[in-house]
Amino acid sequence: MENTLRVIHTSDWHIGHILHEKKRYDEFEQFFVWLNEQIEKYKPDILLVSGDVFHTASPSPVAQTIYYNFLANAEKHGCKNVVVTGGNHDSPTLIDAPKELLKQMNVYVCGAVTGDVSEEVFVIKNNDGKEIAIVCAVPYLREKDLRNAYVGETTEEKEKRLKEGFKNHYLQVAEKAKELNKNNLPVIAMGHLFAAGAVTSSEDELQIGSLSQVGADIFPEYFDYVALGHLHIPQKINNNEHIRYSGSPLPISFDEVNNKKQILLLEFNNKDLNIKHLEVPKFKKIIRLKGTLQELLKELEEQKNSDCPVWVDLTLTSGEPVQTINNAIDECIKDSNVEVLAKHPYIENSQALTIETKDFSKLTPLDVFNQILKTKKYDEEAEKELLETFSEALIHYKDEEEE
């Protein structure tokens, strides 16, 4: 349809993510090849990236090259406009640094708020210069962006001011969008935040940060769609069809391996919205296995027949000595495309560790580590090696703290 506006919603790329010390640049490259294929197929007017472009605030040169190569080639593959916002993992300065240069390529970035909401609101045009949409590109809002701290304020007061800060910010960008929207265009808001009622993975829970959950009511009704990032599981919020997380395109932890990964294709016919889910293929087989040693060895044998590399997280339910387990697994997967990235040994007493002291202030990290070792079935040699490794890590950590 000639008047259809097509938008692809993605988020949480996490370029440069390392899974248990394994670099994943090949997977990111494969994802962008696939994404370009979707762009060529659907010819979106706009591609949205709702935060966490990179996994760290100091991404490697390789990670940056992957990102900029994609942006440089997006138009060639059929994407007319790209809008990118910063997430909590991103450096706002790094995202914003090439802003003016990227704008010449119809790539609009917003790494951080500046106090001027007009810098977060973009009027998007097609190749003929016709206005086709308004995008409110709200990046990750840090606490300092939302509230002033007061001496003696309670937790409840802090939470209230944070939520008011979120709501006021989105009201301001909505008002700016209204000023610019002379032709009743679709208005899309972006956000990188934790919406109340959303489902999280354990990785999300680790990365969410200190900001409170916000309700869907912080988004003004003026928005025709809200493209969220931050949580890695694709979902709509409180049954609102137009407020959605696209989720991360790659599993960022073993907790996400069973989640279907997707991007979202939005089609606006005037103000009517249709949403399609485009499932992202798995570029590497990443699995979790649980069982006795013999059961796991059988499973690993079967995985050796896979056509692609296999990364495995193992949990033992039998109590063989650690060295026996390691030797058996290493022999089983030798010269294959299967790699075991994590092993969780069997713990006979699965109850929480009881720390043997009444004065926690006197405990050292080494004391805690020693007591954890008591719950494991390590032989004497393995226990000695683990203690030495942990001691070295402590020394390294202290040296970094003093720098």
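All values reported here derive from a predicted model rather than from experimental measurement.

Draft legend 1. Representation of the packing of helix α1 (residues 25–42) against helix α2 (residues 61–77). Running from N to C, α1 and α2 point in directions that differ by 10°, and their axes come no closer than 11 Å. The angle between the axes of α1 and α2 places the two elements in the roughly parallel class. Across the interface between the two elements, Y25, F28, E29, F32, L35, N36, I39 and E40 from α1 touch V62, A63, I66, F70, A74 and H77 from α2. In terms of residue class, the contact of α1 with α2 is made up of ten nonpolar, two polar and two charged.

Draft legend 2. Region of the structure containing the nonpolar core. In this structure, W13, I15, L35, V53 and Y67 are the most contacted members of the largest nonpolar core, which totals 34 residues. Secondary-structure elements contributing two or more residues to this core are α1, β4 (46–50), α2, β5 (81–85), α3 (92–96), β6 (107–110) and β13 (262–269). Per element, the largest residue contribution to this core is seven residues, and it comes from α1. Apart from the residues lying within four places of it in its own chain, the contact partners of V53 are W13, H14, I15, Y67, V84, T85, D90 and I95. If you look at the next biggest cluster of nonpolar residues, it comprises 32 residues, including V113, Y170, L228 and L231.

Draft legend 3. Broad picture of the side chain of H9. Examined against the element boundaries, H9 turns out to sit in strand β1 (residues 4–10). Reaching out from H9, the side chain makes a polar contact with the side chain of Y225 at a distance of 2.9 Å. Here L228 takes part through its backbone oxygen, which lies 3.1 Å from a polar atom of the side chain of H9. With residues near it in sequence (within four places) discarded, H9 still touches L48, S50, Y225, A227, L228, R244, Y245, S246, I263 and L264.

Draft legend 4. A look at a negative patch on the surface. A cluster of like negative charges, contributed by E380, E381, E385, E388 and E392, occupies part of the molecular surface. As for its position among the elements, E381 is in helix α11 (residues 380–402).

Draft legend 5. Expanded view of the sheet that holds β6. Strand order in this open sheet of six strands is β6-β5-β4-β1-β13-β14, and the pairing throughout is mixed. Strands at the two margins of the open sheet, each flanked by one partner only, are β6 and β14 (272–279). Averaged over all pairs of adjacent strands, the angle between their axes in this sheet comes to 20°, without regard to strand direction. Strand direction decides the pairing type here: β1 and β13, joined by six bridges, are antiparallel. Bridged to T4 within β13 is N269.

Draft legend 6. Local environment of the sheet that holds strand β9 (residues 187–192). The mixed open sheet is built from six strands, whose spatial order is β7-β8-β9-β10-β12-β11. Only two strands of the sheet have a single partner each, and these edge strands are β7 (121–125) and β11 (235–237). Sheet twist, expressed as the mean angle between neighbouring strand axes with direction ignored, is 30°. As defined by bridge partners, strand β10 (residues 225–229) adjoins strand β12 (residues 240–245) across three bridges and the pair is classed as parallel. Within β12, the position partnered with V226 by the bridge is I243.

Draft legend 7. Quick peek at unusual backbone geometry. Although it is not a glycine, H230 sits at a positive phi angle of roughly 120°. The topology assignment puts H230 in the loop between β10 and β11. Overall, H230 belongs to the buried group, its relative accessible area being 4%.

Draft legend 8. Spatial organisation of the packing of helix α8 (residues 293–303) against helix α9 (residues 322–333). Contact pair α8 / α9: the axes reach a minimum separation of 10 Å and the direction vectors enclose 15°. Relative to α9, the element α8 is oriented roughly parallel. Crossing of α8 against α9: the hand is right-handed. Across the interface between the two elements, L293, L297, L300 and E301 from α8 touch I325, A328, I329, C332 and I333 from α9. Grouping the constituent residues of the contact of α8 with α9 by class yields eight nonpolar, no polar and one charged.

Draft legend 9. Representation of the pairing of β4 within the structure. The element β4 is largely enclosed, with a buried count of five among its five residues. On β4, burial covers both faces: I46, L48 and S50 on one face and L47 and V49 on the other are all buried. In this structure, β4 lies alongside β5, joined through five bridges in parallel fashion. The residue bridging S50 from the neighbouring strand is T85, located in β5.

Here is what the cut-offs are and how they apply
- Residues numbered from 1 in each chain as written.
- Predicted model: local features only at pLDDT ≥ 70, side-chain atom pairs only at ≥ 80, totals over all residues.
- Heavy atoms only, no water.
- Axes fitted to C-alpha atoms, helices over the stretch in contact; angles between N-to-C directions.
- Helix = DSSP H or I, 4+ residues; strand = E, 2+ residues; numbered from the N terminus.
- Parallel < 35°, antiparallel > 145°, perpendicular 65-115°, else oblique.
- Contact = heavy atoms within 4.5 Å.
- Nonpolar A, V, L, I, M, F, W, Y, C, P; charged D, E, K, R; others polar.
- Core = buried A, V, L, I, M, F, W, Y, C linked by side-chain atoms within 4.5 Å.
- Buried < 20%, exposed > 50% of the residue type's maximum accessible area, 1.4 Å probe, protein only.
- Polar contact = N/O pair within 3.5 Å; in protein donor to acceptor, adjacent residues only side chain to side chain.
- Patch = residues over 30% accessible without salt bridge, like charges linked within 9 Å, V, L, I, M, F, W, Y side chains within 5 Å.
- Areas by Shrake-Rupley, 256 points an atom, 1.4 Å probe, with all protein chains shown as cover.
- Salt bridge = Lys/Arg side-chain N within 4 Å of Asp/Glu carboxyl O.
- Lys, Arg positive; Asp, Glu negative; His and termini not counted.
- Charge placed at Lys NZ, Arg CZ, Asp CG, Glu CD.
- Pairing = 2+ DSSP bridges.
- Left-handed = near helix turned anticlockwise from the far one by under 90°.

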